[in-house]
Amino acid sequence: MASYDYDYDDAQVGYDESSATNRSSSAAGQDLGYDPNFVPDSVKSFVVHLYRYIREKNVYEIHQMYESSFQTLSERLFKDTPWPSVDAVAHYVDNDHVFCLLYREMWFRHLYARLSPTLKQRIDSWDNYCSLFQVVLHGVVNMQLPNQWLWDMVDEFVYQFQSFCQYRAKMKNKTEQEIALLRQYDQVDFIIIIIIFFTLCYYVKSYRISVIVPLQAWNVYGVLNFLEALVEKSMIIQILEHEKEGLEQFTATDGYDYKGGSNVLKVLGYFSMVGLLRVHCLLGDYSTGLKRLLPIDISQQGVYTIVIGSHITTIYHYGFANLMLRRYVDAIREFNKILLYIYKTKQYHQKSPQYEQILKKNEQMYALLAICLSLCPQVKLVEETVNSQLREKYGEKMIRMQRYDDEAFAIYDELFSYACPKFITPTAPNFDEPLVNYNQDAYRLQLKLFLYEVKQQQLLSGVRTFLKVYSTISLGKLANYMEVDESTLRTILMTYKHKTHAVDSDGKVISNADVDFYIDDDIIVVVESKPTKQYGDYFLRQIVKLEGVINDMDRIKLE
């Protein structure tokens, strides 16, 4: 049920300002005879049982109903329409405020996945998230929810923010009603937002996020404030630090509280760090995104690996951020691990509603890995299984990418455009100027910066080729081979040094070079790292093949 990045064009639907909030659901399904107040018996049973299990803290049954029953009912009864409105089901659950917020959260997620939300529905969903998160932050939440649901909340929250920014940036062909409503929700002075933002950060333990809720729906500062507040209020960073000292068991218990408490705030805070990484990547602020993820040790198993959507989203954005910061080795290492994991386990997710998105992210990460290895040929970091799949998908393109001509740049452009996140421009348009679409501006800027980086590395491939041939070579001889003078060669070698080194999150300079060198009295001395043979990879591939054979045999019915 995780959202990832749904592929649909945001609808240009008008908004009837006279409609009440509880009737916003009818807009999406009114042409299909949708009645928001009609509740089928199966839905009555679903909400009654889900409410009971939440009150009983029966996480197993909640998970079954959330992952299986909700999906089955959606497919059977609400394939092209929204679920019944919250007002229609509220009396079946004693008008419980928190449950109604959870129900509306699922209601809007279903709407985004199956239909095209109106502008009013986008704003209503923002209001619901504000109410839900404020209950978690300031109320007393005494329930346990499955990690999958809590991850989906954070994931969908960020997705809907991303979707709203893309929708708002498509200003052409918008109706006057839509423009009027957008103008209404964007009429707040930028300086006031900045003051509010830093005030909230200063008084982090007493967030008053509701101050900006009525002013701007899906404002970038409001989104970041909620995610930061969940991290701070949950004290998840301190919990993870104590876990390293053996004082906590957050990971060992998968984030659940087996002492009668609640896991909601802690796990939401945990996943909010991943959400912050994703938001900052969408904004092009990769360093800040990686800093927000630092408390989670992605070299180890953690709560983020329990939920497949969380695992893939974390590594995808982590790898992409490192790629854009020229930390190619870190990106290659993590892409290799997640791609090998997906290769071994994707057969177990074939019936999952997330399966298509898993495959899509899998293909995108192969494209990103191809880019990383073309810029930094550290093939020794890639398992044989992953390397085989990579060569099958992008082998020919990777060879052409080494030439650094117009065709090579076109391939870099193609792979980057296919695999990059859907960048956003978080600012509102200037309504006093002619309205134009600017939803591609952020993407074009990131693409321009990326291709500029590729252009700067144009001569590095030639340098690397010569350095691999020689153990020592004079500057004059290498300059002669490369058809440049010694002064230009020194500049090229300095560029090589610069582009094969990066600054990590701790501020230390790290090397991405597979072939390094130093100069001693005009003699270039080459230092080449030798790859370590991976003896276990052969056995892992044979185990996977054997499991496939066993599964095929199990499907055969013997007469």
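Residues numbered from 1 in each chain as written. Predicted model: local features only at pLDDT ≥ 70, side-chain atom pairs only at ≥ 80, totals over all residues. Heavy atoms only, no water.

Peer 1: Any details on the overall build of the protein? Residues and values, ideally.
Peer 2: The secondary structure content of the protein amounts to 23 helices and five strands. Within the protein, the proportion of its 559 residues that are buried is 53%. Restricting to contacts in the protein with at least 6 residues of sequence separation, those with at least 24 account for 75%. Roughly 26,200 Å² of accessible area belongs to the protein as shown, and the carbon and sulfur atoms make up 52% of that amount. (Helix = DSSP H or I, 4+ residues; strand = E, 2+ residues; numbered from the N terminus. Buried < 20%, exposed > 50% of the residue type's maximum accessible area, 1.4 Å probe, protein only. Contact = heavy atoms within 4.5 Å. Areas by Shrake-Rupley, 256 points an atom, 1.4 Å probe, with all protein chains shown as cover.)

Peer 1: Quick rundown of a nonpolar patch on the surface? Include the residues and the values.
Peer 2: Together, Leu-546, Val-549, Ile-550 and Met-553 make up a nonpolar patch on the protein surface, roughly 380 Å² of accessible area in all. Residue position: Val-549 is located in helix H23 (residues 536-555). Assessed through its relative accessible area of 43%, Val-549 is described here as partly exposed. (Patch = residues over 30% accessible without salt bridge, like charges linked within 9 Å, V, L, I, M, F, W, Y side chains within 5 Å. Salt bridge = Lys/Arg side-chain N within 4 Å of Asp/Glu carboxyl O.)

Peer 1: Hey, could you go over the packing of aromatic side chains for me, with residue numbers and the actual values?
Peer 2: By the definition in use, this model includes 32 aromatic pairs. Within the aromatic cluster, the residues linked to one another by ring pairs are Trp-126, Tyr-129, Phe-133, Phe-157, Trp-218 and Phe-226. We note Lys-393 situated over the ring of Tyr-366; from NZ or CZ to the ring centre the distance is 5.3 Å. Sitting over the face of the ring of Phe-517, Lys-497 holds its NZ or CZ atom 4.9 Å from the ring centroid. (Phe/Tyr/Trp six-rings, centres within 6.5 Å; stacked < 30°, edge-to-face > 60°. Lys NZ or Arg CZ within 6 Å of the ring centre and 35° of its normal.)

Peer 1: Let's hear about empty space enclosed by the protein: which residues, and what values?
Peer 2: Across all of its chains, the model carries five cavities of 30 Å³ or more by this definition. Of the volumes computed, that of the largest cavity is approximately 50 Å³. Residue lining of the largest cavity: Tyr-328, Leu-375, Cys-376, Pro-377, Gln-457, Arg-464, Lys-499, Thr-500, Asn-512, Ala-513 and Asp-514, and that is the complete set. (1 Å grid on protein atoms, 1.4 Å probe; cavity = no way out; pocket = protein on both sides within 12 Å on 5 of 7 lines; lining within 4 Å. Points joined across faces, edges and corners; volume = space filled by probe spheres on them.)

Peer 1: I'd love a proper account of the state of the cysteines, names of residues and values included.
Peer 2: Summed over the entire model, instances satisfying the criterion amount to zero disulfides. Free of any disulfide, Cys-372 has its nearest neighbouring cysteine sulfur in Cys-376, separated by 8.0 Å. Exposure remark for Cys-372: the relative accessible area of 0% places this residue in the buried category. (Disulfide = S-S within 2.5 Å.)

Peer 1: Give a description of the nonpolar core that names residues and reports values.
Peer 2: The biggest cluster of nonpolar side chains holds 148 residues, and the ones touching the most others in it are Leu-145, Trp-149, Tyr-270 and Ile-371. If you look at the next biggest cluster of nonpolar residues, it comprises 17 residues, including Val-463, Leu-475, Met-482 and Ala-513. (Core = buried A, V, L, I, M, F, W, Y, C linked by side-chain atoms within 4.5 Å.)

Peer 1: Mind laying out the packing of helix H14 (residues 308-324) against helix H16 (residues 355-375), listing which residues take part and the relevant values?
Peer 2: Running from N to C, H14 and H16 point in directions that differ by 20°, and their axes come no closer than 11 Å. With respect to H16, the axis of H14 lies roughly parallel. Along this stretch, H14 crosses H16, giving a crossing that reads as left-handed. For the pair H14 and H16, the contacting residues are Ile-308, Ile-312, Tyr-316, Phe-320 and Leu-323 in the first and Ile-358, Lys-361, Gln-364, Met-365, Leu-368, Ile-371 and Cys-372 in the second. Residues belonging to the contact of H14 with H16 are distributed by class as follows: 10 nonpolar, one polar and one charged. (Axes fitted to C-alpha atoms, helices over the stretch in contact; angles between N-to-C directions. Parallel < 35°, antiparallel > 145°, perpendicular 65-115°, else oblique. Left-handed = near helix turned anticlockwise from the far one by under 90°. Nonpolar A, V, L, I, M, F, W, Y, C, P; charged D, E, K, R; others polar.)

Peer 1: Please set out helix H22 (residues 486-499) residue by residue, giving values where relevant.
Peer 2: For H22, built from 14 residues, the straight-helix expectation of 20 Å at 1.5 Å per residue is met to within 8% by its first-to-last C-alpha distance of 20 Å. Restricting attention to buried positions, one finds in H22 the residues Leu-489, Ile-492, Leu-493, Tyr-496 and Lys-499. Viewed along the axis of H22, the buried residues span an arc of 130°, placing them on a single side of the element. Of the exposed residues in H22, the ones pointing more than 90 degrees away from its buried face are Ser-487 and Met-494. (Expected span 1.5 Å × (residues − 1). Arc of directions from axis to C-beta.)

Peer 1: So, the pattern of salt bridges: which residues are in play, and what are the values?
Peer 2: Scanning the entire structure with this criterion turns up 19 salt bridges. A salt bridge links Arg-278 to Asp-155, with the nearest nitrogen and oxygen atoms 2.5 Å apart. Here Asp-155 lies in helix H7 (residues 147-169) and Arg-278 lies in helix H12 (residues 264-283), a separation of 123 residues in the sequence. Judged by its relative accessible area of 2%, Asp-155 falls in the buried class. Between Glu-453 and Lys-499 there is a salt bridge whose closest N-O contact spans 3.1 Å. With Glu-453 in helix H19 (residues 441-456) and Lys-499 in helix H22, the pair connects residues that are 46 residues apart, well separated along the chain. Comparing Glu-453 with Lys-499, the two get one shared label, buried.

Peer 1: Pulling in residues and values, what's your account of the environment of Leu-368?
Peer 2: You can see Leu-368 is positioned in helix H16. Linking Leu-368 and Phe-335, residues 33 residues apart in sequence, is a C-alpha distance of 8.3 Å. If we skip the residues at most four places from it in the chain, Leu-368 touches Tyr-316, Phe-320, Leu-323, Phe-335 and Ala-419.

Peer 1: An account of the environment of Gln-354 is requested, with residue identities and associated values reported.
Peer 2: In this structure, Gln-354 sits in the loop between helix H15 (328-345) and H16. Classification of Gln-354 as buried rests on a relative accessible area of 2%.

Peer 1: Go over unusual backbone geometry with me, naming the residues and quoting the values.
Peer 2: In this structure, Arg-326 is a non-glycine residue whose phi angle is positive, near 65°. Structurally, Arg-326 is set in the loop between H14 and H15. The backbone of Asp-521 sits at a positive phi, close to 55°, despite the residue not being glycine. Owing to a relative accessible area of 69%, Asp-521 belongs among the exposed residues under this scheme.

Note that every value here comes from positions in space, so none of it alone points to a role or purpose.
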